[in-house]
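Below are the chains, spelled out letter by letter.
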Amino acid sequence: MPFDKFEEEDRRLVILRHLAEDQDYTINSSILQKALEVWGHKVSRDRLHADIAWLKEQGLVTYDVVSSVYVAKITQRGLDVSEGSASVPGIKRPGPGA
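Thresholds applied
Residues numbered from 1 in each chain as written. Predicted model: local features only at pLDDT ≥ 70, side-chain atom pairs only at ≥ 80, totals over all residues. Heavy atoms only, no water. Helix = DSSP H or I, 4+ residues; strand = E, 2+ residues; numbered from the N terminus. Buried < 20%, exposed > 50% of the residue type's maximum accessible area, 1.4 Å probe, protein only. Pairing = 2+ DSSP bridges. Axes fitted to C-alpha atoms, helices over the stretch in contact; angles between N-to-C directions. Contact = heavy atoms within 4.5 Å. Salt bridge = Lys/Arg side-chain N within 4 Å of Asp/Glu carboxyl O.

(A) Quick look at unusual backbone geometry. One non-glycine residue, Tyr 25, lies in positive phi territory at about 60°. Tracing the backbone shows Tyr 25 in the loop between helix H1 (3-21) and strand S1 (26-28). By relative accessible area, Tyr 25 is classed as partly exposed at 36%. At Ser 67, a position not held by glycine, the phi torsion is positive, near 55°. Relative to the assigned elements, Ser 67 resides in the loop between strand S2 (61-66) and strand S3 (69-74). Judged by relative accessible area, which is 73%, Ser 67 ranks as exposed.

Right, here's the structure in full:
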């Protein structure tokens, strides 16, 4: 697998996992961008917004736009993917016990 594809799949999983861990399952793109940096994914806001839009197309998140910030919320299907009980091509599957 090309490295950029591996990185893309991991980045999408990181987004879902952060949303799943949030108390109300909702995080804005500004905070998500910082969270991705912690996990080694320094991406532009445009790239992050494209990932969030892609996750929405897959039925894994919903989002609203407030000014230029996306406010993403994970769906039940997104929770299932973040936990590894469901899988979606284009998203890295979490390891056991992760």
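(B) A look at the sheet that holds S2. The strand order S1-S3-S2 describes an open sheet built from 3 strands, whose pairing is antiparallel. Looking along the sheet, the strands with just one partner apiece sit at the ends: S1 and S2. Adjacent strand axes in the sheet meet at a mean angle of 20°, parallel and antiparallel pairs treated alike. As defined by bridge partners, S2 adjoins S3 across 6 bridges and the pair is classed as antiparallel. Looking across to S3, one finds that Tyr 63 is bridged to Ala 72. Packing of H1 onto the sheet brings it into contact with S1, S2 and S3, and relative to S3 it is tilted by some 75°. Where helix H2 (residues 29-38) meets the sheet, its contacts fall on S1 and S3, and the angle it forms with S1 comes to roughly 85°.

(C) View of the pattern of salt bridges. Taken as a whole and assessed by the stated rule, the structure comprises 7 salt bridges. Taking the shortest distance from any N to any O, the salt bridge between Lys 42 and Glu 37 comes out at 3.7 Å. For Glu 37, a relative accessible area of 34% corresponds to the partly exposed category. Residue Asp 51 is joined to Arg 47 by a salt bridge in which the shortest nitrogen-to-oxygen separation is 3.0 Å. Placement of both Asp 51 and Arg 47 in helix H3 (residues 45-57) is noted, with a separation of 4 residues, approximately one turn of the helix.

Treat this as a map of the structure, not an account of what it does.
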